[in-house]
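Analysis of the macromolecular model
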Amino acid sequence: MSAMTREQWHGVFPAITTPLTDRDTVDHDFLAQHAGRLVAAGARAIVPLGSLGEGATLGFEEKVAVLRTVVRAVGDQAPVVAGIAALSTREAAALACAAADAGCGGLMVLPPYVYQGSWAEMRAHVDAVLEATPLGCMLYNNPIAYGTDFVPEQVRDFAGRHANLHAVKDSSGDVRRITAMRSLLGDRLALFVGLDDAVVEGVAAGATGWVAGLVNALPEESVVLFERARAGDHAGARALYDWFLPLLRLDTVPTFVQLIKLVQQECGLGHERVRLPRLALAGAEREGALQLIRASLAARPRLS
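Residues numbered from 1 in each chain as written. Predicted model: local features only at pLDDT ≥ 70, side-chain atom pairs only at ≥ 80, totals over all residues. Heavy atoms only, no water.

1. Quick word on the packing of helix α2 (residues 60–74) against helix α3 (residues 89–102)
Packed helices, taken two at a time, are described by their axes: the angle between them and the distance between them. Counted only if it meets this: Every axis corresponds to a line fitted to the C-alpha atoms, with the helix fit spanning only the stretch in contact, and the corresponding angles, defined between N-to-C directions, vary from 0 to 180 degrees. By the criteria applied, helices consist of DSSP H or I runs no shorter than four residues and strands consist of E runs no shorter than two, each listed in order from the N terminus. Just so you know how the angles are binned, under 35 degrees is roughly parallel, over 145 roughly antiparallel, 65 to 115 roughly perpendicular, and the rest oblique. A crossing counts as left-handed when the near helix is turned anticlockwise from the far one by less than a right angle, and as right-handed when that turn is clockwise. Any two residues whose heavy atoms approach within 4.5 Å are treated as being in contact. Amino acids outside the nonpolar list (Ala, Val, Leu, Ile, Met, Phe, Trp, Tyr, Cys, Pro) and the charged list (Asp, Glu, Lys, Arg) are all regarded as polar, and Gly is one of them.
Relative orientation of the contacting elements α2 and α3 amounts to 25 degrees, with a least axis distance of 9 Å. By the criterion of interaxial angle, the relationship of α2 to α3 is roughly parallel. Pair α2 / α3 crosses with right-handed handedness. Residues Phe60, Lys63, Val64, Leu67, Arg68 and Val71 of α2 form the contact with α3, whose participating residues are Glu91, Ala94, Leu95, Ala98, Ala99, Asp101 and Ala102. A breakdown of the residues in the contact of α2 with α3 according to their chemical character gives nine nonpolar, no polar and four charged.

As structure tokens, then:
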């Protein structure tokens, strides 16, 4: 797969989960099948190794193996956008190079894990990753999870200095960020919603893409919801969104990985196994989640 062009940064990009065997190894057979399933449902690209993909718990070689599997699985049907995050800038840049070698078409660039440094330090980190390859890149802003907040003026700084920065994913939870970046950047970057329960609002504010989570369990519904919102079909989007929101909100809590994998299991599209330190949901928390999931699936709308 060649490097992504600016025109390819739009639509639904699943942040794909990482399936695990009962021996706590990556289930590459299911991973390949699942990636193909998401593309067949209308995903425009696949994003492995993000927060939902449990990238922080995978070793370097495991990450590269995941990327190779997904690239082989989707072939020329859709680009693979590798999540790039590490404790050190050196490792993040090395992973970016490995992603390019594996055939990925783009990168989703995160701030470093754990260390919440100054703007100068975060700027140097992102610069190093963006400069490591010629691949098109998406900057990932998630201050809730990572403690680093790339405000619109800082995003503009990156966009002005890096021609291969093509998009920004915003998971700040503030839809005003979309309008602020549009005001500062015009059409220079594609704007992506990063929280599932903000997708309709984000599209209304000007986002043209969605890095989605529940799409792993409900791919057709996710794609149709996004397409209705983008087409200005407010009534159609609202009807589907009202049904979908209880599930989409599962993407916004600390146990979102466990919850989304549980929805996948209930939909027959995966297993709830997660990697330590995460534990699968248990007790009252699991029973409450299952009640919500099963009630939602029982009322699942028929898509025209």
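2. Regarding empty space enclosed by the protein
Where we set the bar: Residues are said to line a cavity or pocket when one of their atoms sits within 4 Å of a point; the points come from a 1 Å grid over protein atoms alone, cavities being sets where a 1.4 Å probe fits but cannot get out and pockets being open sets with protein on both sides within 12 Å along at least five of seven lines. Grid points are joined across faces, edges and corners, and a volume is the space filled by probe spheres set on the points.
The tally for this structure, following the rule as stated, stands at one cavity of 30 Å³ or more. Residue composition of the lining of the largest cavity, grouped by class: five nonpolar, five polar and two charged.

3. Considerations on helix α1 (residues 28–40)
Given 3.6 residues per turn, any residue in an α-helix points the same way as the ones three and four places further on. Under the convention used in this document: Helix span, as expected, comes to 1.5 Å for every residue beyond the first. Residue exposure (1.4 Å probe, protein chains only): buried if accessible area is under 20% of the type maximum, exposed if over 50%, otherwise partly exposed. Within this analysis, the arc is defined by the directions that extend from the helix axis to the C-beta atoms.
Its 13 residues give α1 an end-to-end C-alpha distance of 18 Å, which sits within 8% of 18 Å, the value for a rise of 1.5 Å per residue. All buried positions along α1 are accounted for by Leu31, His34, Ala35, Leu38 and Val39. An end-on view of α1 places all buried positions within 135 degrees of arc, on one side of the element. More than 90 degrees from the buried face of α1, the exposed residues found are Asp29, Gln33 and Ala40. Looking at the packing, one finds that the buried side of α1 touches β1 (11–14), α2, α9 (219–230) and α11 (256–266). Phi turns positive, to about 120 degrees, at Gly42, one or two residues after α1.

4. A word on the layout of surface pockets
Of the pockets and cavities examined, the largest pocket occupies roughly 580 Å³. If you trace the largest pocket, you find 30 residues lining it, with Ser51, Asn142, Ala145, Asp251 and Phe256 closest to the centre. Elements with a minimum of two residues in the lining of the largest pocket: α5 (143–146) and β7 (209–212). Ranked by residues supplied to the lining of the largest pocket, first place goes to α5 with three residues. For the lining of the largest pocket, the class distribution of residues is 15 nonpolar, nine polar and six charged. Its volume calculated, the second largest pocket comes out at about 150 Å³. Ranked by residue count, the leading element in the lining of the second largest pocket is helix α8 (residues 199–205), at three residues. In terms of residue class, the lining of the second largest pocket is built from six nonpolar, three polar and three charged.

5. Side note on the pattern of salt bridges
This is how it is decided: Here a salt bridge means any side-chain nitrogen of Lys or Arg lying within 4 Å of a carboxyl oxygen belonging to Asp or Glu.
For the coordinates displayed, the defined rule picks out 14 salt bridges. The closest approach of N and O atoms between Arg294 and Glu266, which form a salt bridge, is 2.8 Å. Linking Arg294 in helix α12 (residues 283–298) with Glu266 in helix α11, this pair joins segments that are 28 residues apart in sequence. A residue is classified by how much of its surface remains accessible, and Arg294, at 46% relative accessible area, is partly exposed.

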